[in-house]
Amino acid sequence: MTEADQPLHVHESSGLPLARPGDQPRELRAGLHLLDHQILDPDARMAGKVDDLELEPADDGGPPTVVAILSGAGALARQFQGRFGRWLESVDERLTHEESPSRIPFSYVEAIGSHVTVTVHHEELQTARAERWARDTVIDHIPGAGHAPH
Amino acid sequence: MKKLLGVTLGVLTAVGGFMDIGDIVASSAVGARFGMSLAWALLLGVGGILVYAEMSGRVAAVSGRPTFDLVRERLGARMALANLGASFFINFLTLIAEVAGIAIALQLVSDVNYLLWLPLTALLVWVVIWRVKFSVMENVFGLMGLALIVLAVAVWKLSPDWSSLWHGASHPKVVSGEGHATYFYYAIALFGAAMTPYEVFFFSSGAVEEKWTKRDLGENKINVFLGFPLGAFLSLSLMALATIVLEPRGISVDKLGQAALPATLALGKVGLALVIVGFFAATFGAALETSLSAGYTVAQFFGWQWGKLVRPRDAARFHLVVLAAIAVALMIGLTAVDPVKVTEYSIVLSAAALPLTYLPILIVANDRDYMGDKVNRRFGNAVASFYLVVIFVVAIVTIPLMIVTKAGA
């Protein structure tokens, strides 16, 4: 991920509103302000981490642009080299029967602050599959699973 | 009343952190073997947890991010996974011991073997996490833990020679018959117990569960500066009781019941009853902290929905991790492993993993992007940096000391 450490003028290329209004437009570093951050959906539900980024090289040789956020075990696996990474990736592929992790095009990113807020509902993301599995096979069978805690 | 209940998160975190079964036995055992000569290690530890718990609570209140979220973001996926592996393992060892600890507290009042109580205590811990509102849980176990103040009353009732207690604490030296390595091994055990990472995992996640915002920073301070010193005060009381009663008689401590002896001697049956209620609350609190922390750390590493603010089915993976942790801890507990030995190892091992948890907190607490004007002050940074050095040194020498001393034998 060496490219990700380079500055990316995200707010200029996407017209992205920053998390704290009134701030000066600032230079975001994809490696620092995006990667490994918590993703929140429009209802403020936690919807995975920014596990990897899809970058597009600039034509003029300048810093690359972030085109999508990748999330889920398959994307996370790429951050690990060697046997563990390959193992995680293969497990993920077998479980999800898909090669690609959740891909959230950058135009769906609403704000970048403490969290990365996206305009997609968490249930629509690929990463919701494992959550659904845990819910359907175990948690929903326990009395009280649907009760609000207060 | 609301103000009073506002500090129970800190009290629960600290009582569960300082007075879990391993710490109860360790504080007593140290008092019985070394007198007050290791009190400094406990006080050094409480200073560290004060500084870092305050920071973790402040970051959680200002940015809504709990500690393991910071660990993942600042250390990256690979280092964070290493930390997750270590923290989860240590946490899990503690959970095994606490579930057994609750059962042993019940054995003390019932004369029914603790192994028979184990399934019930594990179920109770899980039911509280599954069904009880976070603030109710915090209030009930935080307030119940206050029964342990009886330990301080017992010290006072025994009317000890205060000046010799003070002299022992203020002139630390290795008592005759003990080696330097063993002395420092126990110093690390006390320091590590004070700074166990599950305290910040639980406290910062609790702050998010309680929906703290910038306006609650005062509450954060009060929680930290009342809770943790209280925990340390109770630990010191146990140590003093062992110094007064057990050391002169050459009684060593390796069981929970023995730690209750001096208070019983001082205050009779009422004293014993309160101590047992306190031990029950403290071990239960620690079991809640560690089992929730198992879920918090994993969910915060992977970005899953976590917490008790949503319905269990909306945080399914989080609850699955908590349930699995409790179930496996129960099964291991049923093999009759010695819970005291298990926590002693977990405390010392956690000392080796401390830097990976505390460094990211310090970095983010200084980041204006997230913290705005609530970043660390210069004094806070100086103290925190001092502790970071201590933590690194401790982390390096812990494992070799453990091997050399055969775990303090």
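Chains are numbered independently. Their residues run from 1 in the order of the written sequence. Lettering of chains starts at A and numbering of ligands starts at 1, both following the order in which they are written. In keeping with the predicted nature of the model, local features appear solely for residues at pLDDT of at least 70, side-chain atom pairs appear and are counted solely at 80 or more, and the whole-chain, interface and lining totals rest on all residues.

**A closer look at the sheet that holds strand S5 (residues 52-56) of chain A**
Residues and elements named next belong to chain A. Across the sheet, 3 strands lie side by side as S5-S6-S7; this open sheet has antiparallel pairing. Of all the strands in the sheet, the pair left with one neighbour each is S5 and strand S7 (102-105). Sheet twist, expressed as the mean angle between neighbouring strand axes with direction ignored, is 30°. Pairing between strand S6 (residues 65-71) and S7: 4 bridges, direction antiparallel. Bridge pairing in S7 links Leu70 to Arg103. For two strands to count as paired, DSSP must find a minimum of two bridges between them. A run of DSSP states H or I qualifies as a helix once it reaches four residues; a run of E qualifies as a strand once it reaches two. Both are numbered from the N-terminal end. For helices, the fitted axis covers only the stretch in contact; all axes are lines through C-alpha atoms, and the angles between them, taken along N-to-C directions, range from 0 to 180 degrees.

**Overview of unusual backbone geometry**
All names here are of chain B. At Ser159, a position not held by glycine, the phi torsion is positive, near 30°. Note that Ser159 resides in the loop between helix H8 (150-157) and helix H9 (162-170). You can call Ser159 exposed: it has 9 C-beta atoms within 10 Å. Backbone geometry places Lys211, a non-glycine residue, at a positive phi of 55°. Inspection of the secondary structure assignment puts Lys211 in the loop between helix H11 (198-209) and helix H12 (217-249). Field definition: a residue is buried when 20 or more other C-beta atoms are found within 10 Å of its C-beta, exposed when 12 or fewer are, and partly exposed for counts in between, with C-beta atoms placed from the backbone.

**Quick notes on the packing of helix H5 (residues 67-110) of chain B against H11(B)**
Residues and elements named next belong to chain B. It is the contact of H5 with H11, at a shortest axis distance of 10 Å, that shows an interaxial angle of 115°. Residues Thr67, Phe68, Asn91 and Thr94 of H5 form the contact with H11, whose own contacting residues are Tyr198, Val200, Phe201 and Ser204. Any residue outside Ala, Val, Leu, Ile, Met, Phe, Trp, Tyr, Cys, Pro, Asp, Glu, Lys and Arg is labelled polar, Gly included; the first ten of those are nonpolar and the last four are charged. The residue makeup of the contact of H5 with H11, split by class, is 4 nonpolar, 4 polar and no charged. The contact criterion used is a C-beta to C-beta distance within 7 Å, with each C-beta placed from the backbone.

**Considerations on the packing of H5(B) against helix H15 (residues 339-364) of chain B**
Packed helices, taken two at a time, are described by the angle their axes make and the gap between the axes. Residue and element names in this part refer to chain B. Where H5 meets H15, the closest approach of the two axes is 9 Å, and the angle between their N-to-C directions is 155°. Of the possible angle classes, the one that applies to H5 and H15 is roughly antiparallel. At the point where H5 passes H15, the crossing takes the left-handed sense. Split into classes, the residues belonging to the contact of H5 with H15 amount to 20 nonpolar, 9 polar and 1 charged. Oblique is the label for any angle not covered by the other classes, which are roughly parallel (under 35 degrees), roughly antiparallel (over 145) and roughly perpendicular (65 to 115). Left-handed describes a crossing in which the near helix is turned anticlockwise from the far one by less than a right angle; the clockwise case is right-handed.

**Some points on the pairing of strand S4 (residues 46-49) of chain A**
One face of the sheet, then the other: side chains in a regular strand alternate in exactly this way. All names here are of chain A. Taken together, the 2 bridges between strand S3 (residues 38-40) and S4 define a ladder with antiparallel strand orientation. Opposite Gln38, over in S4, you have Lys49 as the bridge partner. Connecting the antiparallel pair S3 and S4 is a turn made up of 5 residues, with Ala44 showing a positive phi of about 65°.

**Re the interface of chain A and chain B**
Counting from both sides, the interface comprises 26 residues of chain A and, opposite them, 27 residues of chain B. Contributions of two or more residues to the side of chain A that touches chain B are made by S3, S4 and helix H5 (128-137) of chain A. A total of 4 residues in the side of chain A that touches chain B trace back to one element, the largest contributor, which is H5(A). Across the side of chain A that touches chain B, the residue classes tally to 11 nonpolar, 9 polar and 6 charged.

**Some remarks on helix H3 (residues 21-34) of chain B**
In a regular helix each residue adds 1.5 Å, so 14 residues correspond to 20 Å; H3(B) covers 20 Å between its end C-alpha atoms and thus fits that length. Within H3(B), 14 of the 14 residues are buried, which leaves it mostly tucked inside the rest of the structure. In this scheme, a helix's expected span is set at 1.5 Å multiplied by one less than its residue total.

**Considerations on the sheet that holds strand S8 (residues 109-112) of chain A**
Residue and element names in this part refer to chain A. Read from one edge of the open sheet, 4 strands run S4-S3-S9-S8, paired in mixed fashion. With one partner strand each, in any of the chains shown, S4 and S8 form the two edges of the open sheet. Adjacent strand axes in the sheet meet at a mean angle of 25°, parallel and antiparallel pairs treated alike.

**Observations concerning the nonpolar core**
All names here are of chain B. By convention the nonpolar core is taken to be a set of buried residues drawn from Ala, Val, Leu, Ile, Met, Phe, Trp, Tyr and Cys and joined through C-beta atoms within 7 Å. Formed by 182 residues in total, the largest nonpolar core has its most connected members in Val99, Leu151, Ile188, Leu190, Ala194, Leu241 and Ile361. Ranked by residues supplied to this core, first place goes to helix H13 (residues 256-302) with 23 residues. Among residues more than four places away in sequence, those in contact with Ile188 are Val348, Ala351, Val394, Thr398 and Leu401.

**Some remarks on the confidence of the model for chain B**
Residue and element names in this part refer to chain B. Per residue, pLDDT measures the predictor's confidence, with a range of 0 to 100. Counting all residues, the mean pLDDT for chain B is 91, and 99% of those residues have values of 70 or more. For chain B, the element scoring lowest by mean pLDDT is helix H1 (residues 2-5), at 64; helix H14 (residues 316-333) scores highest, at 96. Scored as a complex, the prediction yields pTM 0.90 and ipTM 0.86.

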